[in-house]
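Structural overview
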Amino acid sequence: MARRKLIAGNWKMNGDLAALAELDAIAAAAIAAPGVDVAVAVPATLIAPAHARVPGLAIGAEDVHAADKGAHTGCISAAMAREAGASFTIVGHSERRADNHETDADVKAKAEAAHRGGITAILCVGETLDQRDAGDAEEVVTAQLAASLPDGAAAEWLSIAYEPVWAIGTGRTPTVADVAAMHGAIRAKLRAIVGAEADAMRLLYGGSVTPDNAAELLGAGDVDGALVGGASLTAAKFVPIIEAAAKLGE
């Protein structure tokens, strides 16, 4: 099944109002690549001004709370994010799982909350260095996926991003074969859980995607796009990734 490429940026705790100027060229690149979906998740303070600046570009929240409302100081709900201009959110990012001690159950609840709140979700999974070196990578990631997958998961509102946590700051880099193998395992697990719907669901690669490696990674089996961190902060680095995805679709 042919799936549209999705190139999503994640600014993390970076950016200010001045940084939104980068979105102009990113939005222009998205228009020039009609066969590719382009999205950028920005800090909560920037959602509304980003949406106002580039209304044609999908702007997202970097996280949402599992509850629709309540006594959760400092958090935002999916409905709040949508009202501010977000059309999607990221849930289960490795940094949230590690730094904020989020469990698979937490991630599942957040994905379900996103759907209730009317926005789509990118659900992240990945394994640590110890888990990969022990030979447990695929088992760990597919178990994490199964436990984090929201009820009623469907391609129209959910994508999966694979983050090789073991490659962060270690100097080790996944090969294209590593990425293709893991994405294939994720796809197989999805089929076992949601059936034919799995073939329509997009699987993104969330490792260090750069202009230099984008074409090779995006051309790997079962890789339907990328979740891009640091390279999404500037148009100079993000636009070539969008262009690489567009060329693959020609």
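Quantities reported herein were computed from a predicted structural model and do not represent experimental measurements. Residue positions within a chain follow its written sequence, with the count starting from 1. Given that this is a predicted model, residues contribute local features only at a pLDDT of at least 70 and side-chain atom pairs are listed and counted only at 80 or more, while totals for whole chains, interfaces and linings are drawn from all residues. To get the side-chain values, all heavy atoms of the structure are used, and hydrogens and water are removed first.

Numbering of helices and strands runs from the N terminus; a helix is a DSSP stretch of H or I covering at least four residues, while a strand is a stretch of E covering at least two. Here, expected helix span is obtained from the residue count minus one, scaled by 1.5 Å. Counted at 1.5 Å a residue, the expected span for helix 10 (residues 235-248) with its 14 residues is 20 Å, and the 20 Å between its end C-alpha atoms agrees. Among all positions in helix 10, only Ala-235, Phe-238, Val-239, Ile-241, Ile-242, Ala-244 and Ala-245 are buried. Residue contacts are defined here by distance: any two heavy atoms, one from each residue, within 4.5 Å place the two residues in contact. Here the buried face of helix 10 lies against strand 1 (5-10), helix 1 (22-32), strand 2 (36-42), helix 9 (214-218) and strand 8 (225-228). Relative accessibility thresholds used throughout: buried, under 20% of the residue-type maximum; exposed, over 50%; partly exposed, between the two (1.4 Å probe, protein chains only).

The subject of this paragraph is unusual backbone geometry. We note that Lys-12 has phi near 55°; this positive angle belongs to a residue other than glycine. On the secondary structure map, Lys-12 appears in the loop between strand 1 and helix 1. Since its relative accessible area comes to 27%, Lys-12 is described here as partly exposed. With phi around 55°, His-101 is a residue other than glycine that occupies positive phi space.

Moving on to helix 5 (residues 104-116). The terminal C-alpha atoms of helix 5, which comprises 13 residues, lie 18 Å apart, in line with the 18 Å expected from a rise of 1.5 Å per residue. Buried-residue contacts for helix 5 involve helix 3 (78-84), strand 4 (88-91), helix 4 (94-99), strand 5 (120-125) and helix 7 (137-148). Gly-118 occupies a position one or two residues after helix 5 and carries a positive phi of about 85°.

What follows concerns the packing of helix 7 against helix 8 (residues 176-194). Axis geometry follows a simple rule: fit a line to the C-alpha atoms, using only the stretch in contact for helices, then measure angles between N-to-C directions, giving values from 0 to 180 degrees. Between helix 7 and helix 8, whose axes approach to 10 Å, the crossing angle comes to 40°. It follows from the interaxial angle that helix 7 and helix 8 lie oblique. Once helix 7 is placed against helix 8, the crossing between them reads as right-handed. The segment helix 7 lies against helix 8, with Ala-137, Glu-138, Val-141, Thr-142, Leu-145 and Ala-146 engaging Ala-181, Met-182, Ala-185, Ile-186, Lys-189, Leu-190 and Ile-193. Side-chain classes are defined by residue name, with Ala, Val, Leu, Ile, Met, Phe, Trp, Tyr, Cys and Pro counting as nonpolar, Asp, Glu, Lys and Arg as charged, and the others, Gly among them, as polar. Across the contact of helix 7 with helix 8, the residue classes break down as ten nonpolar, one polar and two charged. Between 65 and 115 degrees an angle is taken as roughly perpendicular, under 35 as roughly parallel, over 145 as roughly antiparallel, and anywhere else as oblique. Here is the rule for handedness: rotate from the far helix to the near one, and if that takes an anticlockwise turn smaller than a right angle the crossing is left-handed, while a clockwise turn gives right-handed.

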